[in-house]
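# Fold and contact review
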Amino acid sequence: MGLELYLDLLSQPCRSIYIFARSNNIPFEFKHVELFKDSVLGKKPPAGSGAEQPRAGPSNSEGVGKVSLLKKVPALKDGDFTLAECTAILLYLSRKYNTPDHWYPSDIQKRAQVDEYLSWHHANIRANAPKTMWIKVLIPLFTGKPLPSEKLQEVMEGLSASLKQFEERFLQDKAFIIGSEISLADLVAIVELMQPVGVGCDIFEDRPRLREWRRRVEDAVGKELFFQAHEMILNIKELSNIQIDPQLKEQLTPVLMKMLK
């Protein structure tokens, strides 16, 4: 049995794994999982030309529960071996397939810098960037009414503070976070920062240093792959016309609201 990756490209961690695997020519079977099964997503990803591409067909939402004890994506199945959590999967793939050293450097200090960013990321960029999607798209979709503009302003202020630290502490005047080449740190960062862009909050517009870094990341992984991976998030506003199952709405609305507290 070959490598199977259970992913939903609406998810930032899933996109990082998808881009990493594709850009390094790692053969895998794409197992499409819908985070909002049978409800929010009214369409599947476009059909691809091979097993590595996102493809239309039945969702693997039930199958992921058999692969990941956490019953969430991303999840990996490699023969009898299973693995969850984005960072663990990225490191597993980099080691098993001996990907180029710049992704997770063998140099102990450069590797520590990647680890440092990944640790910082979760409590800063990841703590703020995804909330823009909840506020502007998902919560209005489930509740039928928009949140106060003050809530978005609060989130954007927190994100701006994190972006300032990102530029000054991690990016500085370098091409990439670790230096002259892309690493896992850049990949994990960029997929997260595309979440606000998808809902109309262009955080790159007034930040030239950040904008140039994004361009370099796109070039490093390939623009076609980059935008293929982000196609769903860049069109997420189309979800505003989707009809939500009342039972699912009742179940998920409290969960979404809790995320913003």
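The written sequence of each chain sets the order in which its residues are numbered from 1. Only residues with pLDDT of 70 or above have their local features reported here, since the model is predicted, and side-chain atom pairs are shown and tallied only from 80 upward, although totals for entire chains, interfaces and linings are computed over all residues. Side-chain measures here rest on the full set of heavy atoms in the structure, leaving out hydrogens and waters.

### Quick look at the overall build of the chain
When you go through the chain residue by residue, the secondary structure sums to 12 helices and 4 strands. For the exposure calls, accessible area comes from a 1.4 Å probe over protein chains only, and a residue counts as buried if that area is under 20% of its type's maximum, exposed if over 50%, partly exposed in between. Sorting the 261 residues of the chain into buried and exposed places 51% on the buried side. In the chain, the share of contacts with a sequence separation of at least 24, taken over all contacts with a separation of at least 6, comes to 71%. Here a strand is any run of E in DSSP of at least two residues, a helix any run of H or I of at least four, and the numbering for each starts at the N terminus. Only heavy atoms matter for contacts: two residues are in contact if any of them lie within 4.5 Å across the pair.

### A short note on the nonpolar core
Residues enter a nonpolar core if they are buried and are Ala, Val, Leu, Ile, Met, Phe, Trp, Tyr or Cys, with the set joined through side-chain atoms within 4.5 Å. Counting 74 residues, the largest nonpolar core has Tyr117, Phe166, Ile177, Ile190, Phe204 and Trp213 as its most contacted members. Considering every element that reaches this core, the biggest residue donor is helix α8 (residues 184-198), with 10 residues. Domain borders in the structure are assigned automatically or taken from a domain database. If you count residues domain by domain, this core takes at least three from each of domain 1 (3-102) and domain 2 (105-260). Setting aside chain neighbours within four positions, we find Phe204 in contact with Ile190, Leu193, Met194, Val197, Leu210, Arg211, Trp213 and Arg214.

### Description of helix α9 (residues 208-221)
How far a helix is expected to stretch is found by multiplying one less than its residue total by 1.5 Å. With 14 residues, α9 should reach 20 Å at 1.5 Å per residue; the first-to-last C-alpha distance of 20 Å fits that figure. Within the sequence span of α9, burial applies to Leu210, Trp213, Arg214, Val217, Glu218 and Val221. Along α9, the residues classed as buried sweep out an arc of 140° about the axis, all on the same side. Looking one or two residues beyond α9, the residue adopting positive phi is Gly222, at roughly 100°. Relevant arc is that of directions from the helix axis to the C-beta atoms, nothing else.

### Focus on the pairing of strand β2 (residues 29-32)
Examined bridge by bridge, strand β1 (residues 3-7) and β2 share 4 bridges and lie parallel to one another. In the sheet register, Leu7 faces β2, and the bridge partner there is His32. By the convention used here, strands pair only if DSSP detects at least 2 bridges between them.

### Comments concerning the packing of aromatic side chains
Ring geometry is summarised as follows: Phe, Tyr and Trp rings, the Trp one being its six-membered ring, pair when their centres sit within 6.5 Å, and such pairs are stacked at plane angles under 30 degrees, edge-to-face over 60 and tilted between the two. According to the stated counting rule, one finds 10 aromatic pairs in the structure shown. Arranged with centres 6.2 Å apart and planes meeting at 90°, the rings of Tyr18 and Phe28 form a pair that is edge-to-face. In this pair, Tyr18 is assigned in helix α1 (residues 12-23) and Phe28 in the loop between α1 and β2, connecting sequence segments 10 residues apart. When sorted by exposure, Tyr18 lands in the same class as Phe28, which is buried. Ring geometry for Tyr117 and Phe166: centres 5.8 Å apart, planes at 75°, overall edge-to-face. Of this pair, Tyr117 sits in helix α4 (residues 108-123) while Phe166 sits in helix α7 (residues 149-171), and the two are 49 residues apart along the sequence. Both residues of the pair, Tyr117 and Phe166, count as buried. Here a set of aromatic residues connected by ring pairs shows up, and it is made of Tyr117, Trp120, Phe166, Phe170 and Trp213. We note Arg169 situated over the ring of Phe170; from NZ or CZ to the ring centre the distance is 5.2 Å. Working rule: Lys NZ or Arg CZ, within 6 Å of ring centre, within 35 degrees of ring normal, means a charge sits over the ring.

### Remarks on the packing of α1 against α8
Convention adopted: a line fitted to C-alpha atoms gives each axis, helices being fitted over their contacting stretch, and angles between N-to-C directions are expressed from 0 to 180 degrees. Between α1 and α8, the shortest axis-to-axis distance is 9 Å and the interhelical angle comes to 135°. On the basis of their axis angle, the class for α1 and α8 is oblique. Viewed along their axes, α1 and α8 form a crossing whose handedness is right-handed. Within the contact between the two elements, α1 uses Gln12, Arg15, Ser16, Ile19 and Phe20 and α8 uses Leu184, Leu187, Val191, Glu192, Met194 and Gln195. A breakdown of the residues in the contact of α1 with α8 according to their chemical character gives 6 nonpolar, 3 polar and 2 charged. We call two directions roughly parallel when the angle between them is under 35 degrees, roughly antiparallel when it is over 145, roughly perpendicular when it lies between 65 and 115, and oblique otherwise. Crossing handedness is read from the near helix: turned anticlockwise from the far helix by less than a right angle, it gives a left-handed crossing, and turned clockwise, a right-handed one. Charged means Asp, Glu, Lys or Arg here, nonpolar means Ala, Val, Leu, Ile, Met, Phe, Trp, Tyr, Cys or Pro, and polar covers whatever is left, Gly included.

### Digging into the sheet that holds β1
Overall, mixed pairing links the 4 strands, which are arranged β2-β1-β3-β4 in an open sheet. Each of the sheet's edge strands pairs with one partner strand only, and the pair in question is β2 and β4 (81-84). On average, each strand axis in the sheet is inclined to that of its neighbour by 20°, with strand direction left out of account. Looking at chain direction, strand β3 (residues 75-78) and β4 are connected through 4 bridges and run antiparallel.

### A short note on the confidence of the model for the chain
Confidence scores per residue from the predictor, reported as pLDDT, run from 0 to 100. Overall, the prediction assigns the chain a mean pLDDT of 84, with 80% of residues at 70 or greater. Averaged pLDDT values over the elements of the chain bottom out at 50 in helix α2 (residues 61-67) and peak at 98 in α9. Taken as a whole, residues 38-58 scores under 50 in pLDDT and shows 57 contacts with residues more than four places along the chain or in a different chain.

### Here we look at unusual backbone geometry
The step from Val73 to Pro74 runs through a cis peptide bond, and the omega angle for that step is 0°. Along the chain, Pro74 turns up in the loop between α2 and β3. Even without being glycine, Asn25 reaches a positive phi, approximately 55°.

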